[in-house]
Amino acid sequence: MPVRVKIFSFAPVPSGSTAGDALRASVEMARLAEALGYARVWYAEHHGMPGIASAAPEILIAHTAAATERIRVGSGGVMMPNHVPLKLAETFRTLEALHPGRIDLGIGRAPGTNPKTSAALRSFGPDAFAEQFAEMNAYVSGGFPAGHPLSGITAVPADVPLPSVWLLGSSGSSAAFAGAHGLGYAFASHFSPTPAAPVFAAYRAAFRPSPAFPEPHAILGAAVVCAETDAEAQRLAASQDLVWVRLARGEFGPFPSPDEALDYPYTPRERAVADARRRLVVVGTPDAVRERLEAMAADAGASELMLTTMTHDPAARLRSVRLVAEAFDMAGAAA
């Protein structure tokens, strides 16, 4: 059975451009993804990073869902520590009411930012995740017992189901939780070096069926840069080398161009950082990219692939998305 493919977007802000441009480009990519046959598009939540514009995925979801017709749109993820459970449930019930059957609620356990910005967000922190998750579900299912201080409170609109819930992870610690609660699970191999296969095995071993997920559903994240030639793909991917080096220094600027990255005088230590991160990126021609992605999905036992493409030029990102779709023959699979 062919693996399904989806898009994961950070809305990167290229140097020399604006966040508004980046957000509009992310919607354009979603329209193209829908036309090409991608299964979903999800938006990340990150704060305090000028190079990433997706600080409010729920707004991007609403805007993108209104600009498309069929593709599922969701969060990848909403970082639960930054949100009051009742408000989170009401936000996604509202989105589901506006776009029935097209919304996904992907949630994460970490704040998705640095400690100072996390404090400004009044983040609950990852240690409160299980309690927050239970509270969110109780507002939807009426699960507060009689006499509980929150008994009788319901997330509105009350006649709309909460969208299917996915838990995102990058180290494997969330896998058993997702399985035990009957959730979908997505693993971030696009930036985590942790092997995915043992994580997915733990998820499936713990899995208990739920109405939304009668069977386990595991999504594997992958960073991809695809171009007509390997040389061009490698050139485009060079931007990410400099991004990781800057992040290691605590610098969060705009996304650099390939020329900026190729001209940068890397120290041996910085080159080692960039090379280690580059090994996590699938870079190359359409056939080479498809071959490696299919192998990754098979090795991990993934039900679906979640692809993120980070390039300086939005046109190069759209071209990569198109080339991958053609390599997987998505149009033929959807016919």
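For the structure, check the block above.
Residues numbered from 1 in each chain as written. Predicted model: local features only at pLDDT ≥ 70, side-chain atom pairs only at ≥ 80, totals over all residues. Heavy atoms only, no water.

Quick word on the overall build of the chain
Okay, step 1: Along its length, the chain carries 13 helices and 10 strands.
Okay, step 2: Since a compact globule built from 335 residues should have a radius of gyration of about 20 Å, the 20 Å found for the chain is in line with a globular shape.
Okay, step 3: Projecting the C-alpha coordinates of the chain onto the three principal axes gives extents of approximately 65 × 50 × 40 Å.
Okay, step 4: Considering the chain as a whole, with its 335 residues, one finds that 51% of them fall into the buried category.
Okay, step 5: Relative to all contacts within the chain whose residues are 6 or more apart in sequence, the contacts with residues 24 or more apart total 74%. (Helix = DSSP H or I, 4+ residues; strand = E, 2+ residues; numbered from the N terminus. Rg over C-alpha atoms; globule rule 2.2 N^0.38 Å. Buried < 20%, exposed > 50% of the residue type's maximum accessible area, 1.4 Å probe, protein only. Contact = heavy atoms within 4.5 Å.)

Digging into helix α2 (residues 57-67)
Okay, step 1: Burial in α2 covers these residues: P57, L60, I61, T64 and A65. The arc that holds every buried residue of α2, seen down its axis, measures 125°, which confines them to one face. Within α2, the exposed residues directed more than 90 degrees away from the buried face are I59 and A66. (Arc of directions from axis to C-beta.)

Focus on the pattern of salt bridges
Okay, step 1: For the coordinates displayed, the defined rule picks out 14 salt bridges.
Okay, step 2: The residue E304 makes a salt bridge to R40 at a minimum N-O spacing of 2.8 Å. Here E304, found in strand β10 (residues 304-308), pairs with R40, found in strand β2 (residues 40-43); they are 264 residues apart in sequence, far enough to count as distant. Just as E304 is buried, R40 falls in that class too.
Okay, step 3: Linking R235 and E232 is a salt bridge whose minimum nitrogen-to-oxygen distance equals 3.0 Å. Here the residue R235 and the residue E232 both occupy positions in helix α8 (residues 230-248), the gap between them amounting to three residues, near one helical turn.
Okay, step 4: The exposure class of R235 is partly exposed, given its relative accessible area of 32%. (Salt bridge = Lys/Arg side-chain N within 4 Å of Asp/Glu carboxyl O.)

The analysis is restricted to geometry; functional conclusions fall outside its scope.
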